[in-house]
Amino acid sequence: MATRSIPHVLVIGAGIGGLTTAALLLQAGYKVTVLEAHIYPGGCAGTFYHQKFRFDVGATLAGGFSPGGPHARLAEMLGIEWPVKPVNPAWITYLNGRAIFQWAERERWWTEIDRHFPESASFWKKQEWLANQAWDISTRDFPWPPRSARDMLTILSAIQPTTLGAAPYALRTIASFLPPSASPTLRTFLDAQLLISAQSLAQTTNALYGSAALDLPRRGVNHVRGGIGSLAQTLANWGSQRGLTLLYRQKVERLEVKHGRALRVYTNKKQTFEADAFVANLTPWGLAALLGENAPRALRREIQTRPPTWGAFTLYLGVDASRLPPLPADHFQVIVDPSRPLGEGNSVFISLSPDDDPSRAPQGMRAVTLSTHTAIANWQIDEQASEEQSAEYTERMTRAAEIAIPGIRQAIRLALPGTPHTFQFYTHRPSGMVGGFPQTSLLRARSPWTGLANVWLVGDSIFPGQSTAGVTLGAMRVAGEVIHWLRQSCQNRSWSVAKAMNASKAT
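Source: prediction; values computed, not measured.

So, the packing of helix α4 (residues 121-138) against helix α7 (residues 207-214)
Moving on, step 1. Contact pair α4 / α7: the axes reach a minimum separation of 8 Å and the direction vectors enclose 100°. Overall, the two elements α4 and α7 adopt an arrangement that is roughly perpendicular. From α4, Phe123, Gln127, Leu130, Ala131, Ala134 and Trp135 reach across to α7, where they touch Ala207, Leu208, Ser211, Ala212 and Leu214.
Moving on, step 2. Taken together, the residues of the contact of α4 with α7 sort by class into 9 nonpolar, 2 polar and no charged.

What about the pairing of strand β11 (residues 252-258)?
Moving on, step 1. As defined by bridge partners, β11 adjoins strand β12 (residues 261-267) across 6 bridges and the pair is classed as antiparallel. Its bridge partner lying in β12, Leu255 is registered against Val265.
Moving on, step 2. What sits between β11 and β12 in their antiparallel hairpin is a turn of 2 residues, with His259 showing a positive phi close to 55°.

Regarding the packing of aromatic side chains
Moving on, step 1. Tallied over the entire structure, the rule returns 22 aromatic pairs.
Moving on, step 2. Ring geometry for Phe48 versus Phe55: centroids 5.5 Å apart, planes at 40°, classification tilted. The same class applies to Phe48 and to Phe55, which are both buried.
Moving on, step 3. With a centroid separation of 5.2 Å and an interplanar angle of 15°, the aromatic rings of Phe101 and Trp103 are classed as stacked.

Details of the nonpolar core
Moving on, step 1. Core analysis: the largest hydrophobic core is formed by 66 residues, its most contacted members being Trp82, Leu231, Leu255, Val265 and Val482.
Moving on, step 2. Here this core takes 9 residues from helix α15 (residues 467-506), the largest share from any one element.
Moving on, step 3. In contact with Trp82, not counting residues within four places along its chain, are Phe65, His71, Leu74, Ala75, Arg225, Leu231, Thr234 and Leu235.
Moving on, step 4. Leu95, Ala166, Ala175 and Phe189 belong to the second-largest nonpolar core, a separate cluster that totals 35 residues.

As for a nonpolar patch on the surface
Moving on, step 1. On the surface, Met152, Leu153, Leu156, Ile159 and Leu164 cluster together to form a nonpolar patch covering roughly 480 Å² of accessible area.
Moving on, step 2. With respect to the helices and strands, Leu164 occurs in the loop between α5 (149-158) and α6 (184-198).

Section: the sheet that holds strand β8 (residues 98-101)
Moving on, step 1. Taken in spatial order, the 7 strands line up as β8-β7-β16-β17-β18-β15-β19 in an open sheet, and their pairing is mixed. Of all strands in the sheet, those with a lone pairing partner are β8 and β19 (412-418), marking the two edges. Going from strand to strand, the sheet's axes swing by 20° on average, the running direction of each strand aside.
Moving on, step 2. Sheet topology places strand β15 (residues 311-320) next to strand β18 (residues 365-374); 10 bridges connect them, and they run antiparallel. Directly across from Ala312, in β18, lies its bridge partner His373.

Some details on the environment of Ala22
Moving on, step 1. Take Ala22: it is sitting in helix α1 (residues 16-27).
Moving on, step 2. Sequence spacing of Ala22 and Thr245 is 223 residues, and the spatial spacing of their C-alpha atoms is 9.8 Å.
Moving on, step 3. Contacts of Ala22, omitting those with residues within four sequence positions, involve Val11, Val32, Val34 and Leu244.

Considerations on unusual backbone geometry
Moving on, step 1. Following Trp144, the chain continues to Pro145 via a peptide bond in cis, the omega torsion being -10°.
Moving on, step 2. With respect to the secondary-structure elements, Pro145 resides in the loop between α4 and α5.
Moving on, step 3. For the bond from Phe463 to Pro464, the omega torsion is 5°, close enough to zero to count as cis.
Moving on, step 4. Relative to the helices and strands, Pro464 resides in the loop between β20 (455-457) and α15.
Moving on, step 5. Although it is not a glycine, Lys52 sits at a positive phi angle of roughly 70°.
Moving on, step 6. Note that Lys52 resides in the loop between β3 (47-50) and β4 (53-56).
Moving on, step 7. The class of Lys52 is exposed, set by a relative accessible area of 58%.
Moving on, step 8. Positioned with a positive phi, Asn96 is a non-glycine residue whose angle comes to about 55°.
Moving on, step 9. Its location among the elements puts Asn96 in the loop between β7 (92-95) and β8.

Analysis parameters
- Residues numbered from 1 in each chain as written.
- Predicted model: local features only at pLDDT ≥ 70, side-chain atom pairs only at ≥ 80, totals over all residues.
- Heavy atoms only, no water.
- Axes fitted to C-alpha atoms, helices over the stretch in contact; angles between N-to-C directions.
- Helix = DSSP H or I, 4+ residues; strand = E, 2+ residues; numbered from the N terminus.
- Parallel < 35°, antiparallel > 145°, perpendicular 65-115°, else oblique.
- Contact = heavy atoms within 4.5 Å.
- Nonpolar A, V, L, I, M, F, W, Y, C, P; charged D, E, K, R; others polar.
- Pairing = 2+ DSSP bridges.
- Phe/Tyr/Trp six-rings, centres within 6.5 Å; stacked < 30°, edge-to-face > 60°.
- Buried < 20%, exposed > 50% of the residue type's maximum accessible area, 1.4 Å probe, protein only.
- Core = buried A, V, L, I, M, F, W, Y, C linked by side-chain atoms within 4.5 Å.
- Patch = residues over 30% accessible without salt bridge, like charges linked within 9 Å, V, L, I, M, F, W, Y side chains within 5 Å.
- Areas by Shrake-Rupley, 256 points an atom, 1.4 Å probe, with all protein chains shown as cover.
- Salt bridge = Lys/Arg side-chain N within 4 Å of Asp/Glu carboxyl O.

Okay, here's the thing in structure tokens:
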């Protein structure tokens, strides 16, 4: 009797979502191959090397390492140690001449609230309570949105009596429980925090998700030694030591489908890879491009009707550390003009490499990443206009940085702008869309569903989406779904073989 082969899973993309899913499937005993188009892992949570600087591509801080957090749970599952160091304050927000410190300690944070927003104590108490319920749920298996009766049973078993009190807020927004006396400064502050953590503003951000997002500094954020890309590299190293096949410079160009199931992928290296199941660390638009005319009708409809996500304009600076003033933190958020919409250089997040991480910059220098949200439609222009606009945004970002770091302009020795075109070229995300979908309604949250029986999405497009912690949570769900499907598939195959053998004996 022939030995049954081990099921093979192919993962497209070595971002945090793809590598987390791959590691969990590998640990479960499956054969796993990861194909990555770039030369290093991480995607939008990667770190690139240029002129002896290591710049974070997009994300610069990571949460979810405290007990019960997604990264902490994954570390326990895999037996790994993350190269992280807590940051406190998480960042400082400059708004209307104020410096608002995002302290990790609850008591110090409440002192900041009393100093800057004394009228809002009731709001922050409610937000804190809702955040506790949301974080409690996140520590359990919670496959939202559900796709099956099995998912519904899992959700019901995860809900505790204390969390039922939060149910009325499931369809409300953050702004819905702000007091009427809330100042314009408070409203702008909330909008700025939610834009970077939920991709939407207080008026539209879901109350439960938004409360947890506002609580991130209290749950602990961390520097990653060597840059944020070290998270993906840690997963890649763990997998490679245990039999994971991880191939770089392998851009998947086509996913072949027959009778509603994927069969194999074709890459730019003219190679073909077959598998039993496929996980795509892509956006819905990216997956649809690989499927072409074989994309399921619902997926085609989704990419035609779903609004695009945000893009990002980034500015990577190499600065002379001796020309910088003493700084109270390494991370800053600047709102230049509260009367104008956020993003587009009017709200900027700034991260400096730590002084105690010499791997990030040459001696005496520091690597700085600045980022702002931008509408991708603003960059659908010709090359010359794009270059002119890039120069304009570079100046906007530099002026914003000077609010938090006086004299930074004179310290700049290297400046690299990054537009949505840059993200599209290096991360292969259609139109340069980054950050995932705005978390406006739990009813519009996206599952890993693709319309194909043996293909799943993973990454920031699926709930809970944003941040490496959110992507890790989503990847845990995907790994569980793939394992369940493979087991069911093997059982069905065994039953079919047994039935055929019995029929043969009978004849």
